[in-house]
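As a plain string of letters, each chain reads:
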Amino acid sequence: MPGKPKKACIVGSGNWGSAIAKIVGHNAARLPQFDDRVTMYVYEEMVNGRKLTEIINETHENVKYLPGHKLPENVVAIPDVVEAAKDADILIFVVPHQFIRTLCSTLLGKIKPTAIGLSLIKGFDQAAGGGIDLISHIITRNLRIQCAVLMGANLAGEVADEKFCETTIGCRDSRLAPLLRDLIQTDYFRVVVVDDEDAVEVCGALKNIVACGAGFVDGLGLGDNTKAAVIRLGLMEMIKFVDIFYPGSKLSTFFESCGVADLITTCYGGRNRRVSEAFVKTGKSIKELEDELLNGQKLQGPYTAEEVNFMLKNKGMEDRFPLFTAIHRICIGELSAGEMIECIKHHPEHIPKTTYVEEDETATETKTTG
Ligand SMILES: NC(=O)c1ccc[n+]([C@@H]2O[C@H](COP(=O)([O-])OP(=O)(O)OC[C@H]3O[C@@H](n4cnc5c(N)ncnc54)[C@H](O)[C@@H]3O)[C@@H](O)[C@H]2O)c1
């Protein structure tokens, strides 16, 4: 995309939205291929009697969602999403997934037809006909623009602290990949681009379900071995899910930051794990805990578990994904957290894959080959 400097807009300003605004603002100011001014759509709310957009534009800090970190001064907070996005060449979507359809319908016909999207949103939406929709597909369909994805082991607070980490961009169009990488990469935030877009996005969504399982393990006080078993079985279900529903994806994608690395970090550090632990310990509902513990931030795991279950149930496949199914049933109160362990004791992964050779046959074989 040679020519005029590209304008970037960040659609969203939560914890991750603000952390990525820090990076994008910094890169836009220093690199000639980008316009200095970066707009950031902020869902307006009052904080201590003042509008959040005014606070951000005056103090350059998102005091509600990323307190203690300065945003670059070229990042401008705007409460109207159409105003924020209308001139942008690159739209970075980073809102909780439950808001994406409404935002797309507000933006339809109001953005540049040549704009490209980059979705940082982890989650799915229910599709008509009993399946699930990837968020990047919803953006592409509803806004009629291309949309790549960025997922990785990227807890927002640590990225904002500039602690080293990696991330994965899934982008099918090799002409766009360098532009997106340059906008996002810094010396502490390293980008690997792969073309396996759908698998990257599915990893980012599914790991939040597994994180709930890890939180249940912590709530039950079961220890690191049990948590490792949940992480491993979760990874196997993620691979199976991609294999069945997104055939043609690559196994190697699971070894990028968006795969096993994000799974591990979320199962130790993320909000889904934390709330799920509290769910077991307090007996309160997920919704109550989300309101109580997250200060306006949104949970993804229980909703993603519900969306995945909606599809698995429709396809008669719940038994093939016992961990995802158990986690969903625990979140909605159909099972107790302790029953998750019962469900995974008999996981299909534990069915022997090799046929054991009888002892005397081994002896014969040893004699023959020896
Ligand atoms: N926080 C992280 O560490 C992290 C890391 C990687 C990916 N993500 C993903 O990024 C996405 C955004 O998460 P986040 O952490 O930036 O957000 P968040 O959960 O911290 O904050 C919620 C955001 O939603 C906004 N909001 C509330 N009601 C709204 C509405 N009706 N319409 C539009 N916006 C509304 C709030 O103003 C706030 O900006 C999620 O999909 C999440 O899974 C988060």
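Residues numbered from 1 in each chain as written. Predicted model: local features only at pLDDT ≥ 70, side-chain atom pairs only at ≥ 80, totals over all residues. Heavy atoms only, no water.

(A) The packing of helix H8 (residues 197-220) against helix H11 (residues 271-282), seen in detail. One can describe the packing of H8 onto H11 by two numbers: an axis separation of 7 Å at closest approach and a directional angle of 40°. Taken together, the axis directions place H8 and H11 in an arrangement best described as oblique. Every pair of crossing elements has a handedness; the one defined by H8 and H11 is right-handed. Only Asn272, Arg273, Ser276, Glu277, Phe279, Val280 and Lys281 of H11 make contact with H8, whose side of the interface consists of Asn208, Ala211, Cys212, Ala214, Gly215, Phe216, Asp218, Gly219 and Leu220. Each residue belonging to the contact of H8 with H11 can be placed in one class, and the counts come to seven nonpolar, five polar and four charged. (Axes fitted to C-alpha atoms, helices over the stretch in contact; angles between N-to-C directions. Helix = DSSP H or I, 4+ residues; strand = E, 2+ residues; numbered from the N terminus. Parallel < 35°, antiparallel > 145°, perpendicular 65-115°, else oblique. Left-handed = near helix turned anticlockwise from the far one by under 90°. Contact = heavy atoms within 4.5 Å. Nonpolar A, V, L, I, M, F, W, Y, C, P; charged D, E, K, R; others polar.)

(B) The packing of aromatic side chains, seen in detail. On inspection of all chains with the given rule, the structure shows six aromatic pairs. Arranged with centres 6.0 Å apart and planes meeting at 75°, the rings of phenylalanine 241 and phenylalanine 321 form a pair that is edge-to-face. In this pair, phenylalanine 241 is assigned in helix H9 (residues 224-245) and phenylalanine 321 in the loop between helix H13 (301-314) and helix H14 (322-331), connecting sequence segments 80 residues apart. The class for phenylalanine 241 is buried, based on a relative accessible area of 0%. One aromatic cluster in this structure is built from Phe124, Phe241, Phe245, Phe321 and Phe324. The cationic tip of lysine 227 hangs over the ring face of tyrosine 268; the distance from NZ or CZ to the ring centre is 3.8 Å. The residue whose ring lies beneath lysine 240 is phenylalanine 321, and the NZ or CZ to ring-centre distance is 5.3 Å. (Phe/Tyr/Trp six-rings, centres within 6.5 Å; stacked < 30°, edge-to-face > 60°. Buried < 20%, exposed > 50% of the residue type's maximum accessible area, 1.4 Å probe, protein only. Lys NZ or Arg CZ within 6 Å of the ring centre and 35° of its normal.)

(C) Looking closely at the UniProt feature "binding site: NAD(+)" (unreviewed entry) in the protein. According to UniProt, the positions carrying the feature "binding site: NAD(+)" (unreviewed entry) are Gly12, Ser13, Gly14, Asn15, Trp16, Gly17, Phe99, Ala156, Arg271, Lys298 and Gln300. Looking at the secondary structure, you find phenylalanine 99 in the loop between strand S6 (90-93) and helix H4 (100-107). Along the chain, alanine 156 turns up in helix H6 (residues 156-160). (UniProt positions renumbered as here; feature names shortened; annotations may be inferred.)

(D) Main features of the pattern of salt bridges. One pass over the full model with this rule turns up 27 salt bridges. The salt bridge partner of lysine 22 is glutamate 162, with a shortest N-O separation of 3.1 Å. Residue lysine 22 is located in helix H1 (residues 15-30), and its partner glutamate 162 is located in the loop between H6 and strand S11 (165-170); the two are separated by 140 residues in the primary sequence. In this structure lysine 22 comes out as buried when scored by relative accessible area, which is 14%. With a relative accessible area of 42%, glutamate 162 lands in the partly exposed category. A salt bridge links lysine 207 to aspartate 262; the nearest nitrogen and oxygen atoms lie 3.5 Å apart. Here aspartate 262 lies in helix H10 (residues 257-269) and lysine 207 lies in helix H8, a separation of 55 residues in the sequence. The class for lysine 207 is buried, based on a relative accessible area of 6%. Residue class for aspartate 262 comes out buried when judged on its relative accessible area of 1%. Salt bridges linked by common partners bring Asp218, Lys227, Arg273, Glu277 and Lys281 together as one network. (Salt bridge = Lys/Arg side-chain N within 4 Å of Asp/Glu carboxyl O.)

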